[in-house]
Amino acid sequence: MAVCSLLILQGQSRAQAVDPAGAPRSTVADVVAGIVSYTRWPGDATAIRMCTLGRGPSIDELLRAVDIGSAQRAVAVRSVASAAQARDGCQGVYVSGLGDAAGRELLQMLAGRPVLLLGEGLEFCSDGGMFCLETGSSPVRFNANLDAIARSGLRVNPLVLRIARGANGGGS
């Protein structure tokens, strides 16, 4: 339940989904909102544009959320059609359902830039993404690529990194 801890600490008023057994479960939008809220960009922008690239249920969920921000920072969610659009107008990118070549192109284009890169599956982190979400689990779990985060110039609160690593060092 490490992700739930992140959501409680975040202090958002977002309604949390409940599984059939009555236990709270996190959604992709909740996890992305939590990670964004604990990330600082150079100049610490008060408004962030989180872009989605690709397709799939997680992308649909994020686009339905529209704004995953908090009282401290507005975070608008919008879809982009290409890696170039993501590079030019986004402070964060959530990737799902891209082919291997398109995913690698995006990661290469954004490597070392202050753009929060989130995607699905452990291979996203292995290829250079910052946070890789396991969307098939409930609650949604995630891992972090510390090298990619360090190269980006973004500052992520150590609590998020500890939650990602999990108690056993194998991810949350």
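Thresholds applied
- Residues numbered from 1 in each chain as written.
- Predicted model: local features only at pLDDT ≥ 70, side-chain atom pairs only at ≥ 80, totals over all residues.
- Heavy atoms only, no water.
- Disulfide = S-S within 2.5 Å.
- Helix = DSSP H or I, 4+ residues; strand = E, 2+ residues; numbered from the N terminus.
- Buried < 20%, exposed > 50% of the residue type's maximum accessible area, 1.4 Å probe, protein only.
- Arc of directions from axis to C-beta.
- Contact = heavy atoms within 4.5 Å.
- Pairing = 2+ DSSP bridges.
- Axes fitted to C-alpha atoms, helices over the stretch in contact; angles between N-to-C directions.

Participant: Sorry if this is basic, but what is going on with the state of the cysteines here?
Facilitator: Disulfides are covalent bonds that link the sulfur atoms of two cysteine residues. Overall, the coordinates contain two disulfides when judged by the stated rule. Linked covalently through their sulfurs, Cys51 and Cys90 form a disulfide whose S-S length is 1.9 Å. The sign of the S-S torsion, about -85°, decides the handedness of the disulfide formed by Cys51 and Cys90: left-handed. Of this pair, Cys51 sits in strand E4 (residues 47-54) while Cys90 sits in the loop between helix H4 (83-89) and strand E6 (92-96), placing them 39 residues apart in sequence. Here Cys51 and Cys90 have matching classes, each one buried. Here Cys125 is linked by a disulfide to Cys132, with a sulfur-sulfur distance of 2.4 Å. Between Cys125 and Cys132, the disulfide has an S-S torsion of -105° and is therefore left-handed. Side by side, Cys125 and Cys132 carry an identical accessibility label, which is buried.

Participant: Just checking my understanding: could you explain helix H3 (residues 57-65) for this structure?
Facilitator: Helical periodicity: at 3.6 residues per turn, an α-helix aligns residues three or four positions apart in one direction. Among the residues of H3, those classed as buried are Ser58, Ile59 and Leu62. Along H3, the residues classed as buried sweep out an arc of 100° about the axis, all on the same side. The exposed residues of H3 that point more than 90 degrees off its buried face are Pro57 and Arg64. Next to the buried residues of H3 lie helix H2 (28-37), E4, strand E5 (74-79), E6 and strand E7 (116-120). Val66, located one to two residues past H3, shows a positive phi value of around 60°.

Participant: What is the right way to look at the sheet that holds E7 in this model?
Facilitator: By definition, the strands of a sheet pair up through backbone hydrogen bonds, in either a parallel or an antiparallel sense. Read across the open sheet, the six strands follow the order E5-E4-E6-E7-E8-E9; overall the sheet is mixed. Sheet topology places E5 and strand E9 (141-144) at the edges, where each strand pairs with a single neighbour. Taking the axes of each pair of neighbouring strands and ignoring which way they run, one obtains an average angle of 20° across the sheet. Pairing of strand E8 (residues 131-134) with E9 involves four bridges; the strand directions are antiparallel. By the bridge assignment, Cys132 is partnered in E9 with Asn143. Packed on one face of the sheet, H3 meets E4, E5, E6 and E7 and runs near 150° to E4. Strands E4, E6 and E7 of the sheet are contacted by helix H5 (residues 100-110), whose axis makes an angle of about 165° with E6.

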